[in-house]
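A structural walkthrough
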Amino acid sequence: MFDKDTIYIVGDAQSSSNNPITQQFSAFFIGLVVDTTNDKIVDAACSSTVQLTSDFARSIFIGHSIFASEEIGEEIRYRYFGSSQKTLIAAFKDAQKKYKQAVSARSKAEVTK
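Notes on the structure in this doc start here. Note that the structure is predicted; figures quoted are calculated from it, not measured.

Okay, the pattern of salt bridges next. Under the defined criterion, the tally for this structure stands at five salt bridges. Of the charged contacts, one joins Asp-43 and Arg-58 as a salt bridge, the two residues approaching to 2.6 Å between their closest N and O atoms. Of the two residues, Asp-43 sits in strand S3 (residues 40-46) while Arg-58 sits in helix H2 (residues 51-61), which places them 15 residues apart along the sequence. A residue is classified by how much of its surface remains accessible, and Asp-43, at 16% relative accessible area, is buried. We classify Arg-58 as partly exposed; its relative accessible area is 35%. A salt bridge links Glu-75 to Arg-79; the shortest N-O distance between them is 2.6 Å.

Now for the packing of aromatic side chains. Counted by the stated rule, this structure contains two aromatic pairs. Geometrically, the ring pair formed by Phe-61 and Phe-92 is tilted, given 5.3 Å between the ring centres and 40 degrees between the ring planes. Within this pair, whereas Phe-61 is found in helix H2, its partner Phe-92 is found in helix H4 (residues 85-111), the two being separated by 31 residues in sequence. By relative accessible area, which is 2% here, Phe-92 ends up buried.

Looking now at the pairing of strand S2 (residues 28-35). For a regular strand, side-chain orientation follows a simple rule: the groups alternate between the two sheet faces. Within S2, seven of the eight residues are buried, leaving the element largely enclosed by the surrounding structure. Summarising the sheet, S2 and S3 pair through six bridges and their orientation is antiparallel. Paired with Asp-35 across the bridge in S3 is Lys-40. Where S2 folds back on S3, the antiparallel hairpin that results is connected by four residues, among which Asp-39 adopts a positive phi of roughly 65 degrees.

The next subject is the environment of Phe-28. By the element assignment, Phe-28 lies in strand S2. Accessibility expressed as a relative area gives 0% for Phe-28, which makes it buried. In this structure, the C-alpha to C-alpha distance between Phe-28 and Gly-11, residues 17 residues apart in sequence, is 8.4 Å.

So, on to a nonpolar patch on the surface. Taken together, the side chains of Met-1, Phe-2 and Val-42 define a hydrophobic patch exposed on the protein surface, amounting to about 360 Å² of accessible area. With respect to the secondary-structure elements, Val-42 resides in strand S3.

This part is about helix H3 (residues 69-79). Within H3 the residues assigned to the buried category are Ile-72, Gly-73, Glu-75 and Ile-76. When H3 is viewed along its axis, its buried side chains cluster within an angular range of 160 degrees and face the same direction. Every exposed residue of H3 that faces more than 90 degrees away from the buried side is listed here: Glu-70, Glu-74 and Tyr-78.

The subject of this paragraph is the side chain of Ser-65. Structurally, Ser-65 can be placed in the loop between H2 and H3. In this structure the side chain of Ser-65 is engaged in a polar contact, spanning 3.0 Å, whose partner is the backbone nitrogen of Phe-67.

In this structure, Leu-32, Ile-41, Phe-61, Ile-72, Ile-76 and Leu-88 are the most contacted members of the largest nonpolar core, which totals 24 residues. Elements represented by at least two residues in this core include exactly strand S1 (6-13), S2, S3, H2, H3 and H4. Of all the elements, H4 adds the most residues to this core, at six residues. Apart from residues no more than four positions distant in its own chain, Leu-32 is found in contact with Ile-7, Tyr-8, Ile-9, Ile-41, Asp-43, Ala-44, Phe-61, Ile-66, Phe-92 and Ala-95.

Scoring rules and cut-offs
- Residues numbered from 1 in each chain as written.
- Predicted model: local features only at pLDDT ≥ 70, side-chain atom pairs only at ≥ 80, totals over all residues.
- Heavy atoms only, no water.
- Salt bridge = Lys/Arg side-chain N within 4 Å of Asp/Glu carboxyl O.
- Helix = DSSP H or I, 4+ residues; strand = E, 2+ residues; numbered from the N terminus.
- Buried < 20%, exposed > 50% of the residue type's maximum accessible area, 1.4 Å probe, protein only.
- Phe/Tyr/Trp six-rings, centres within 6.5 Å; stacked < 30°, edge-to-face > 60°.
- Pairing = 2+ DSSP bridges.
- Patch = residues over 30% accessible without salt bridge, like charges linked within 9 Å, V, L, I, M, F, W, Y side chains within 5 Å.
- Areas by Shrake-Rupley, 256 points an atom, 1.4 Å probe, with all protein chains shown as cover.
- Arc of directions from axis to C-beta.
- Polar contact = N/O pair within 3.5 Å; in protein donor to acceptor, adjacent residues only side chain to side chain.
- Core = buried A, V, L, I, M, F, W, Y, C linked by side-chain atoms within 4.5 Å.
- Contact = heavy atoms within 4.5 Å.

Nothing here speaks to function; it is all geometry.
Set out below in structure tokens:
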């Protein structure tokens, strides 16, 4: 289903205690599949109580570079008015950090082969 050049990253963030996502999952998670050849997000999903939420968030991320922080943050603020708007941005930033770590670790592993 996914090319061998893709990796899966999970970013997480704490949502407010009254958010249904927090009540169901204890935290908010976003999963991203990223093509390491061009840093493009090829698939996405997030923890949500309604499937439409995850589908909508997916539409925001797919096709963008994992490094397009400002562009994606702006799109979330402009289009996503769910109670976890700020949490979605925070989870994306966490995913970016983990992506950088994963790519760095893979590069180091290739050097030592």
